[in-house]
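# Summary of structural features
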Amino acid sequence: DTDDIIVPTYKATLSTVFGKDLENVNEVDARCYKQGGWSSKINKLFWRGRDSNSVRAYFVDEIANKNKQYIDANISKNHFNYYPTEQDRANDRRLQAGKKVERIKFEEYWRFKYLLNLDGTV
């Protein structure tokens, strides 16, 4: 048992964010850099992602929504709004209730001082 924090390498992060589209890396890096230093960042914890496990849903519903002055966290809409069947789309209670937010560009994450990583897919 350890208390290590595992941080991905810069190269692993790049491949995750950009995939095969690595020619945009310098452009995005430059835009993020122009956003200013630490003092110009929003003083909130930020998270976006799918509702791929119950921990994520619990965090948004029970913690983030009750602490909006400190936390900006939401479940994002499906990439390409994909669902295997129309029944799956109809069963997505968050989507039907209008609680899922639009996805934002990855570079927008860097406007915040604190970024949260929650276990799950995407």
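Let us look at the structure shown here. (Residues numbered from 1 in each chain as written. Predicted model: local features only at pLDDT ≥ 70, side-chain atom pairs only at ≥ 80, totals over all residues. Heavy atoms only, no water.)

### Details of the overall build of the chain
When you go through the chain residue by residue, the secondary structure sums to five helices and three strands. When the elements of the chain are put in sequence order from the N terminus, they spell out α-α-β-α-β-α-α-β. For the chain, buried positions account for 23% of its 122 residues. In the chain, of all internal contacts separated by at least 6 residues, the share reaching a separation of at least 24 is 72%. Here the chain has roughly 9,200 Å² of accessible surface; of this, 53% comes from carbon and sulfur atoms. (Helix = DSSP H or I, 4+ residues; strand = E, 2+ residues; numbered from the N terminus. Buried < 20%, exposed > 50% of the residue type's maximum accessible area, 1.4 Å probe, protein only. Contact = heavy atoms within 4.5 Å. Areas by Shrake-Rupley, 256 points an atom, 1.4 Å probe, with all protein chains shown as cover.)

### What to know about helix H3 (residues 54-64)
Each α-helix winds once per 3.6 residues, and so residues spaced three or four apart point in a common direction. Buried residues of H3: Arg56, Ala57, Phe59, Val60 and Ala64, and no others. Take H3 and look down its axis: the buried residues cluster within an arc of 160°, on one side only. Away from its buried face by more than 90 degrees, H3 exposes Ser54, Val55 and Tyr58. Residue Asn53 occupies the N-cap position of H3, its side-chain oxygen lying 3.0 Å from the main-chain nitrogen of Val55. (Arc of directions from axis to C-beta. Polar contact = N/O pair within 3.5 Å; in protein donor to acceptor, adjacent residues only side chain to side chain.)

### Points about the pairing of strand S2 (residues 71-75)
Counted residue by residue, S2 has four buried out of five residues, so it is predominantly covered. Direction of pairing for strand S1 (residues 42-49) relative to S2: parallel, over a ladder of five bridges. By the bridge assignment for S2, Leu45 is matched with Ile71. (Pairing = 2+ DSSP bridges.)

### Some remarks on the environment of Asn53
Secondary-structure assignment places Asn53 in the loop between S1 and H3. Counting along the chain gives 65 residues from Asn53 to Leu118, while the straight-line C-alpha distance between them is 9.5 Å. Separated by 3.0 Å, the side chain of Asn53 and the backbone nitrogen of Val55 make a polar contact.

### Observations regarding the side chain of Arg48
By the element assignment, Arg48 lies in strand S1. For Arg48, the side chain forms a polar contact with the side chain of Asp72, separated by 3.0 Å. Those residues in contact with Arg48 that lie beyond four places of it in its chain are Asp72, Ala73, Asn74, Ser76, Val101 and Tyr109.

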